[in-house]
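# Summary of structural features
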Amino acid sequence: MDGYFMRIWGDLGIDKVAQLNRGVFLVRFHSAESRSKVVEEGVQMFDRKPAIVKPWKPDMEITKEQMEKIPIWVRFTGLDIKYWGKVALTKIAGLIGKPLKADTATTKTERLMYARVLVEVKLNQQYPISIKFENEVGKIVEQDGIMSGNLYCVRSVRIMVMKLWNAESIYRKKKRRLNNNK
């Protein structure tokens, strides 16, 4: 896993990587700016599965942390190419959950059989079989089968939580403790 973290974030200055549990890692950065950048980027892909990135907090109970939302890929099979733009796909995917990003083949229109968008959904929500939206001329368009195959993914998705902390804050706390003990 160290190689994976170094590949995606190595240029941001990783200080240390530690594994807490199966699929749960702590990644420490040299600077708060690097940590913030990684947290802002949000979900990363690992082995074609979404990995959830969260900032570390001192009061976190990592062994008891519950996931309320997860990212899943949603396929929009047969979606008219005119709806493949960023704005339209964001609005359509937003009917299911919070759109995070489209895959490369969708953004570059390299695979026209379906558009694929990573969407953050609540674990306990109802997953639609189809959605309806109003097109640019006011006509209602129904998109069928958007969750086909994805309900299985919701159950089988490998969630990897990466807690992030930075070396600067730990160094400052140690320095304060040393100064207080003098």
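Residues numbered from 1 in each chain as written. Predicted model: local features only at pLDDT ≥ 70, side-chain atom pairs only at ≥ 80, totals over all residues. Heavy atoms only, no water.

Looking now at the nonpolar core. Within soluble globular proteins, side chains that are nonpolar tend to cluster in buried spots. Counting residues in hydrophobic clusters, the biggest one holds 19 residues, and the most contacted among them are Phe76, Leu79, Ile92, Ile96, Val119 and Val121. For this core, the secondary structure elements donating two or more residues are strand S5 (69-77), helix H3 (86-93), strand S7 (114-122) and strand S8 (130-134). Setting aside anything within four residues of it in sequence, one finds Ile92 in contact with Phe76, Leu79, Tyr83, Ile131 and Phe133. Core analysis: the second largest hydrophobic core is formed by 13 residues, Leu12, Val17, Phe29 and Val38 among them. (Core = buried A, V, L, I, M, F, W, Y, C linked by side-chain atoms within 4.5 Å. Buried < 20%, exposed > 50% of the residue type's maximum accessible area, 1.4 Å probe, protein only. Helix = DSSP H or I, 4+ residues; strand = E, 2+ residues; numbered from the N terminus. Contact = heavy atoms within 4.5 Å.)

With that out of the way, let us pick up the confidence of the model for the protein. Summarising the model, the protein shows a mean pLDDT of 76, and 77% of its residues fall at 70 or more. Long-range and interchain partners of residues 148-163, a stretch whose pLDDT sits below 50, account for 45 contacts in this model, where long-range means more than four residues apart. (pLDDT = per-residue confidence, 0-100.)

Turning our attention to the pattern of salt bridges. Scanning the model with the defined rule gives four salt bridges in all. Residues Arg28 and Asp15 are paired through a salt bridge, measuring 2.5 Å at the closest nitrogen-oxygen approach. Taken together, the positions of Arg28 in strand S2 (residues 24-29) and Asp15 in strand S1 (residues 14-21) put the pair 13 residues apart, joining distant regions of the chain. Arg111 serves as the salt-bridge partner of Asp103, at 2.9 Å between the closest nitrogen and oxygen. (Salt bridge = Lys/Arg side-chain N within 4 Å of Asp/Glu carboxyl O.)

Moving on: the packing of aromatic side chains. Inspection of every chain in the model, using the stated rule, returns five aromatic pairs. Measuring from centroid to centroid gives 6.0 Å for Trp9 and Phe29, while their planes differ by 65 degrees, and the two rings are edge-to-face. Within this pair, whereas Trp9 is found in helix H1 (residues 2-9), its partner Phe29 is found in strand S2, the two being separated by 20 residues in sequence. Members of the aromatic cluster, each reached through a chain of ring pairs, are Tyr4, Phe5, Trp9, Phe25 and Phe29. Sitting over the ring of Tyr114, Arg75 keeps its end group 4.2 Å from the ring centre. Cation over ring: Arg116 sits above Trp73, and NZ or CZ is 4.1 Å from the ring centre. (Phe/Tyr/Trp six-rings, centres within 6.5 Å; stacked < 30°, edge-to-face > 60°. Lys NZ or Arg CZ within 6 Å of the ring centre and 35° of its normal.)

Moving on to the pairing of S2. Across the six residues of S2, six count as buried, placing the element largely inside the fold. Neither face of S2 is left uncovered, since the one carrying Val24, Leu26 and Arg28 and the one carrying Phe25, Val27 and Phe29 both have all their residues buried. Pairing of S1 with S2, which is carried by six bridges, proceeds in the antiparallel orientation. Directly across from Gln19, in S2, lies its bridge partner Phe25. Between S1 and S2, which pair antiparallel and follow one another directly, the connecting turn spans two residues, one of which, Gly23, has a positive phi of 80 degrees. (Pairing = 2+ DSSP bridges.)

A word on the sheet that holds strand S6 (residues 98-102). If you walk across this open sheet you meet the three strands as S5-S7-S6, and the pairing is antiparallel. Looking at the sheet topology across the chains shown, the edges are occupied by S5 and S6. If you compare each strand with its neighbour and ignore which way they point, the axes differ by 30 degrees on average. Direction of pairing for S5 relative to S7: antiparallel, over a ladder of nine bridges. Its bridge partner being in S7, Ile70 is matched across the sheet by Val121. (Axes fitted to C-alpha atoms, helices over the stretch in contact; angles between N-to-C directions.)

Here the focus is H3. For H3, the full list of buried residues reads Leu89, Ile92 and Ala93. Relative to the axis of H3, the buried residues are bounded by an arc of 95 degrees and lie together on one face. Exposed positions of H3 whose direction lies more than 90 degrees from the buried face are Val87 and Lys91. (Arc of directions from axis to C-beta.)

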